[in-house]
Amino acid sequence: MVTLFLIPLSFALPFTSGLLQRVGIDAAAADLAARYMMTFMPGLFLNSYADALDIFILGMGKTYIIMYLQLAVIPLHLLFVWFFVSFMGHGVIGAANAHNCTAVVTFILQFGYC
């Protein structure tokens, strides 16, 4: 069901900058927001599947597993943010890349448990 929402949204993302500029957002900020959303989209897609796996794990009555997985991923997310934003100097786009890496790790860990 989520895929039915995300696929049309992904076709609309190239026009995000123009739409934001039409509602009064500065052109530079609108371009950066559009680039961020395009970079962020794969992680959002993985997060939607990870949420479904969360519900499956919750249905098995293993709420502590989700907590342990998230506790394991938080330090990795901080490492990814440091690497992409500070070390590589990618700024806002680096933050989107860090989120994507965190989403991949979260999904792999959840899928591995199931």
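Below, the structure is looked at part by part. (Residues numbered from 1 in each chain as written. Predicted model: local features only at pLDDT ≥ 70, side-chain atom pairs only at ≥ 80, totals over all residues. Heavy atoms only, no water.)

### Quick word on the overall build of the chain
For clarity, the cut-off: Strands here are runs of E lasting at least two residues and helices are runs of H or I lasting at least four, both read from the DSSP assignment and numbered beginning at the N terminus. Here's how the labels work: a residue is buried when its accessible area is under 20% of the maximum for its type, exposed when over 50%, partly exposed in between, all with a 1.4 Å probe on protein chains only. Residue-level accessible areas treat just the shown protein chains as cover; the underlying method is Shrake-Rupley with a 1.4 Å probe.
The secondary structure content of the chain amounts to 5 helices and 0 strands. Overall, the chain shows an N-to-C arrangement of helices and strands of α-α-α-α-α. For the C-alpha atoms alone, the extent of the chain along its principal axes is close to 50 × 35 × 20 Å. The burial tally for the chain puts 27% of its 114 residues in the buried class. For the chain, the exposed surface amounts to about 7200 Å²; the carbon and sulfur share of it is 76%.

### Things to note about a nonpolar patch on the surface
Applied cut-off: Residues qualify for a patch when their relative accessible area is over 30% and they have no salt bridge, like charges being joined within 9 Å and the nonpolar side chains of Val, Leu, Ile, Met, Phe, Trp and Tyr within 5 Å. For this analysis, a salt bridge means a side-chain nitrogen from Lys or Arg found within 4 Å of a carboxyl oxygen belonging to Asp or Glu.
A cluster of nonpolar side chains, Phe56, Met60, Tyr64, Met67, Tyr68, Leu71, Ile74, Leu78 and Tyr113, forms an exposed patch at the surface whose accessible area comes to about 920 Å². Take the nonpolar patch: its biggest share by element is 6 residues, from helix α4 (residues 63–87). The residue Tyr113 is located in helix α5 (residues 91–113) in this model. Relative accessible area serves as the criterion here: at 31%, Tyr113 is assigned to the partly exposed category.

### Quick word on the packing of α4 against α5
Going by this rule: Orientation is described by axes fitted as lines to C-alpha atoms, over the contacting stretch for helices, and by angles from 0 to 180 degrees between their N-to-C directions. Roughly parallel refers to an angle under 35 degrees, roughly antiparallel to one over 145, roughly perpendicular to one between 65 and 115, and oblique to any angle outside these ranges. Crossing chirality is assigned from the near helix's rotation relative to the far helix, an anticlockwise turn below a right angle marking it left-handed and a clockwise turn marking it right-handed. Polar here means any residue other than Ala, Val, Leu, Ile, Met, Phe, Trp, Tyr, Cys and Pro, which are nonpolar, and Asp, Glu, Lys and Arg, which are charged; Gly is therefore polar.
α5 packs onto α4 with a crossing angle of 150° between their chain directions and a minimal axis gap of 9 Å. Judged on the interaxial angle alone, α5 and α4 are roughly antiparallel. As for the relative orientation of α4 and α5, their crossing is right-handed in sense. Taken together, the residues of the contact of α4 with α5 sort by class into 14 nonpolar, 9 polar and no charged.

### Side note on α5
So the rule is basically this: To estimate how far a helix should extend, the number of its residues minus one is multiplied by 1.5 Å. Contacts are assigned to residue pairs with any non-hydrogen atoms lying within 4.5 Å of each other.
Between its terminal C-alpha atoms α5 stretches 33 Å, which fits the 33 Å expected from 23 residues at 1.5 Å a residue. Of the positions making up α5, those classed as buried are Ile93, Gly94, Ala96, Ala98, His99, Asn100, Thr102, Ala103, Thr106 and Gln110. Buried positions along α5 lie against α3 (27–59) and α4.

### Here we look at α3
Basically, it comes down to this: Here the bend at each residue means the angle between axes fitted to two seven-residue stretches, the one ending at that residue and the one beginning there.
For α3, built from 33 residues, the straight-helix expectation of 48 Å at 1.5 Å per residue is met to within 8% by its first-to-last C-alpha distance of 46 Å. Along α3, the largest kink reaches about 40° and is centred on Met41; proline Pro42 follows within four residues of it. Here α3 has its buried residues at Ala30, Ala34, Thr39, Phe40, Met41, Gly43, Ser48, Ala50, Leu53, Asp54 and Ile57. Just downstream of α3, Gly61 is the residue with a positive phi angle, here 80°.

### Side note on the packing of aromatic side chains
This is how the line gets drawn: Stacked, tilted and edge-to-face are the three classes applied to pairs of Phe, Tyr and Trp rings, where Trp contributes its six-membered ring and a pair requires centres within 6.5 Å; stacked means planes under 30 degrees apart, edge-to-face means over 60, and tilted covers the rest.
Evaluation of the coordinates by the stated rule reveals 7 aromatic pairs. An angle of 20° between the planes, with centres 5.8 Å apart, marks the rings of Phe107 and Phe111 as stacked. In this pair, Phe107 and Phe111 are both assigned in helix α5, 4 residues apart and thus about one turn of the helix distant. A relative accessible area of 23% means that Phe107 is categorised as partly exposed.

### Concerning the environment of Leu9
With respect to the secondary-structure elements, Leu9 resides in helix α1 (residues 2–12). For Leu9, a relative accessible area of 27% translates into the label partly exposed. Note: C-alpha distance between Leu9 and Met41 (32 residues apart in sequence) is 9.3 Å.

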